[in-house]
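Overview (structure and organization)
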Amino acid sequence: MSILLISLAIIFLIIAIWFTRRSSNLRRSLDEQNNLIKNLNLQLSSLSAERARLAAVLDQMTDGVLIVDSQGRIQFANPASKKLFETVDPINRSIVEVVRHHQLVEAWQRCQQTNELQSESIEVPARRQFLQLVVIPDAHAGGSLLLVQDLTRVRRLETVRRDFISNISHELRTPLASLKALTETLQNGALSDPEAGPRFLSRIVTEVDALTQMTQELLDLSRIESGQVELNLAPISPKKLLISACDRMKLQAERAGLTLRVECSDDLPNVRADYARLEQVLVNLIHNSVKFTRPGGEVILLAETADTEERSAGGGVRFGVKDTGIGIPSEDVPRIFERFYRVDRSRSGSGTGLGLSIARHIVETHQGKIWVDSIEGQGSTFFFTIPQSAADVPQA
Ligand code: ADP
């Protein structure tokens, strides 16, 4: 009997030990599984954070990115590439259909055939674009990755710079050639001529003045364009400003046989502007009106409340310089504010073609807008808007 009991106790003991071992093994493997799940979760969340970061980079990139499979079907396109190729939903469409340019397609085909990186610079006249393309073979999927950089702006700046240098050399050549001719004539005997001597000398002074004016205007323009000019903004009465510009130019207008007057009501709100700079704009415009209006004509300086559309674009008061002059041909109007642009060199006398460009920059630095209404043979009105001074804006 006692042997039976002892045997039973031993069996129980063995079973108990087996259960304890098994449960501790189970607990250990459960712990391991928990750790595994924790690690997996960690890896998953860091993977999705990485994905989100990558997606944000691709979304914000200004360069276009396209992923194309081996069949030439687009698998991925970031927003910049959609904008560059003017397409809304390029996914699963063929690359030929989306990029619509044979050089781009050929670069992609070369990459597919050779499995080597291809790079190409192309001009797309239809979309007025200049693009730089890099096609990278995708070793895993057999497709390729296309990186497209928009160099249109850089190219345009290069052209502007080139035109500017060629314009400026041209503008300098004329007065310099005159100066050389005049001094040579003086050297060759005209200096001792009591009549021709002083005449040539005064022409030299005129040419030097023109060169000085051009240098000053170029300097002004470059300062304004590069943002070096700090505006001294203060509330200014439009009428006071017009009267002061009118006083400055009155004598010049009278000498040209013109009437110069101000038309402006007293109750206009103040504008927020740099007094000296805004007066410079008005003086430039009046100077042109005087130059391009025949004797007996009239130049009127006006200011009025801007209309609703102009106000929503930031302009509070609309200024105007109106003349009864020769006007501007309609085909020249869109280019009139460009540097060195002159409608007809023979009619613009000593002008440099920089005055309107300076005026536009000053107005735009004030967050305003400048434009012209003109009828050839009848006259021109140059308008510009300037924001209202904050103290004068009616509170909602
Ligand atoms: P400029 O020094 O030649 O006057 P602007 O930039 O001030 O240079 O003007 C550019 C051109 O615009 C002038 O050469 C002229 O052909 C034309 N223009 C400007 N203002 C007037 C105006 N009030 N009437 C007619 N033409 C004008």
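A brief structural summary.

Conventions used here
- Residues numbered from 1 in each chain as written.
- Predicted model: local features only at pLDDT ≥ 70, side-chain atom pairs only at ≥ 80, totals over all residues.
- Heavy atoms only, no water.
- Helix = DSSP H or I, 4+ residues; strand = E, 2+ residues; numbered from the N terminus.
- Expected span 1.5 Å × (residues − 1).
- Buried < 20%, exposed > 50% of the residue type's maximum accessible area, 1.4 Å probe, protein only.
- Contact = heavy atoms within 4.5 Å.
- Phe/Tyr/Trp six-rings, centres within 6.5 Å; stacked < 30°, edge-to-face > 60°.
- Salt bridge = Lys/Arg side-chain N within 4 Å of Asp/Glu carboxyl O.
- Pairing = 2+ DSSP bridges.
- Axes fitted to C-alpha atoms, helices over the stretch in contact; angles between N-to-C directions.
- Near = heavy atom within 4 Å.
- Polar contact = N/O pair within 3.5 Å; in protein donor to acceptor, adjacent residues only side chain to side chain.
- Areas by Shrake-Rupley, 256 points an atom, 1.4 Å probe, with all protein chains shown as cover.
- Nonpolar A, V, L, I, M, F, W, Y, C, P; charged D, E, K, R; others polar.
- Parallel < 35°, antiparallel > 145°, perpendicular 65-115°, else oblique.
- Left-handed = near helix turned anticlockwise from the far one by under 90°.

**Focus on helix 6 (residues 196-225)**
Compared with the 44 Å implied by 1.5 Å per residue over 30 residues, the 43 Å span of helix 6 between its first and last C-alpha is a close match. All of the buried residues in helix 6 are Ala196, Gly197, Phe200, Ile204, Glu207, Leu211, Met214, Glu217, Leu218, Asp220, Leu221 and Ile224. For helix 6, the secondary structure elements touched by its buried residues are helix 5 (152-187), helix 8 (275-291) and helix 10 (355-365). Positive backbone phi, approximately 75°, marks Gly227, located one or two places after helix 6.

**Let's talk about the packing of aromatic side chains**
Taken as a whole and assessed by the stated rule, the structure comprises four aromatic pairs. For the ring pair Trp18 and Phe19, a centre distance of 5.2 Å and an interplane angle of 75° mean the geometry is edge-to-face. Judged by its relative accessible area of 52%, Phe19 falls in the exposed class. Each ring, one from Phe337 and one from Phe382, has its centre 6.1 Å from the other, and the planes form 80°; the classification is edge-to-face. Of this pair, Phe337 sits in the loop between strand 10 (317-323) and helix 10 while Phe382 is found in strand 12 (residues 379-386), placing the two residues 45 residues apart along the sequence. The pair formed by Phe337 and Phe382 is uniform in burial state, with each residue classed as buried.

**A closer look at the environment of Ser169**
With respect to the helices and strands, the residue Ser169 is situated in helix 5. By relative accessible area, Ser169 is classed as partly exposed at 33%.

**What to know about the pattern of salt bridges**
Considering all chains together, one arrives at 13 salt bridges under this definition. When the shortest N-O distance is used, the salt bridge between Glu263 and Arg261 registers 2.9 Å. Overall, Glu263 belongs to the partly exposed group, its relative accessible area being 38%. Classification of Arg261 as partly exposed rests on a relative accessible area of 32%.

**As for the sheet that holds strand 5 (residues 144-150)**
Pairing within the open sheet is antiparallel, and its five strands lie in the order 2-1-5-4-3. Two strands in the sheet have a free side with no partner beyond their single neighbour: strand 2 (74-77) and strand 3 (118-124). Averaged over all pairs of adjacent strands, the angle between strand axes in this sheet comes to 20°, irrespective of strand direction. In this sheet, strand 2 lies alongside strand 1 (residues 64-68) in antiparallel orientation, the contact comprising three bridges. By the bridge assignment, Leu66 is partnered in strand 2 with Ala77. On the sheet, helix 4 (residues 102-114) packs against strand 1, strand 3, strand 4 (129-137) and strand 5 and is oriented at approximately 170° with respect to strand 3.

**Notes on the site of the ligand**
Around the ligand, a shell composed of 21 residues is seen, among which Asn288, Asp323, Thr352, Gly353 and Leu356 lie nearest. Within the side chain of Lys291, one N or O atom sits 3.1 Å away from an oxygen atom of the ligand. Contacts to the ligand include Asp323, whose side-chain N or O atom sits 2.9 Å from a nitrogen atom. Bound to the protein, the ligand loses 98% of the 530 Å² it would expose on its own. Every element with two or more residues in the shell around the ligand is listed here: helix 8, helix 10 and strand 12. If you tally residues by element for the shell around the ligand, the top one is helix 8, at three residues. Of the residues contributing to the shell around the ligand, the split by class is eight nonpolar, nine polar and four charged.

**Quick word on the packing of helix 7 (residues 238-255) against helix 8**
Viewed as axis vectors pointing N to C, helix 7 and helix 8 meet at an angle of 40°, and their least axial separation amounts to 9 Å. Taken together, helix 7 and helix 8 sit at an angle that is classed as oblique. With respect to the hand of their crossing, helix 7 and helix 8 are arranged in right-handed fashion. Together, Lys240, Leu241, Leu242, Ser244, Ala245, Arg248, Met249, Gln252 and Ala253 of helix 7 and Tyr275, Leu278, Glu279, Leu282, Val283, Ile286, His287 and Val290 of helix 8 make up the contact between the two elements.

**Observations concerning the pairing of strand 4**
Pairing of strand 3 with strand 4 involves seven bridges; the strand directions are antiparallel. Bridge pairing in strand 4 places Ser121 opposite Gln132. As paired strands, strand 4 and strand 5 are joined by seven bridges and run antiparallel to one another. Within the sheet, the bridge partner assigned to Val134 lies in strand 5 and is Leu147. Counted between consecutive antiparallel strands, the loop separating strand 4 from strand 5 contains six residues, among which Gly142 sits at a positive phi close to 80°.

**Observations concerning unusual backbone geometry**
Even without glycine at this site, Arg100 takes up a positive phi of about 50°. One non-glycine residue, Gln367, adopts positive backbone phi at about 70°. Among the structural elements, Gln367 can be located in the loop between helix 10 and strand 11 (369-375).

**What to know about the sheet that holds strand 7 (residues 259-264)**
With mixed pairing, the five strands of this open sheet are ordered in space as 7-9-10-12-11. Strands with a single pairing partner mark the edges of an open sheet, and in this sheet they are strand 7 and strand 11. Across the sheet, the axes of successive neighbouring strands diverge by a mean angle of 15°, strand direction being ignored. Summarising the sheet, strand 7 and strand 9 (residues 298-305) pair through six bridges and their orientation is parallel. Residue Leu260 lies in a different strand from strand 9, and its bridge partner there is Val299. Contacts from helix 8 reach strand 7, strand 9, strand 10 and strand 12, with the element oriented near 175° to strand 12. Packed onto the sheet, helix 10 meets strand 11 and strand 12 and runs at close to 140° relative to strand 11.

None of this, on its own, says anything about what the molecule does.
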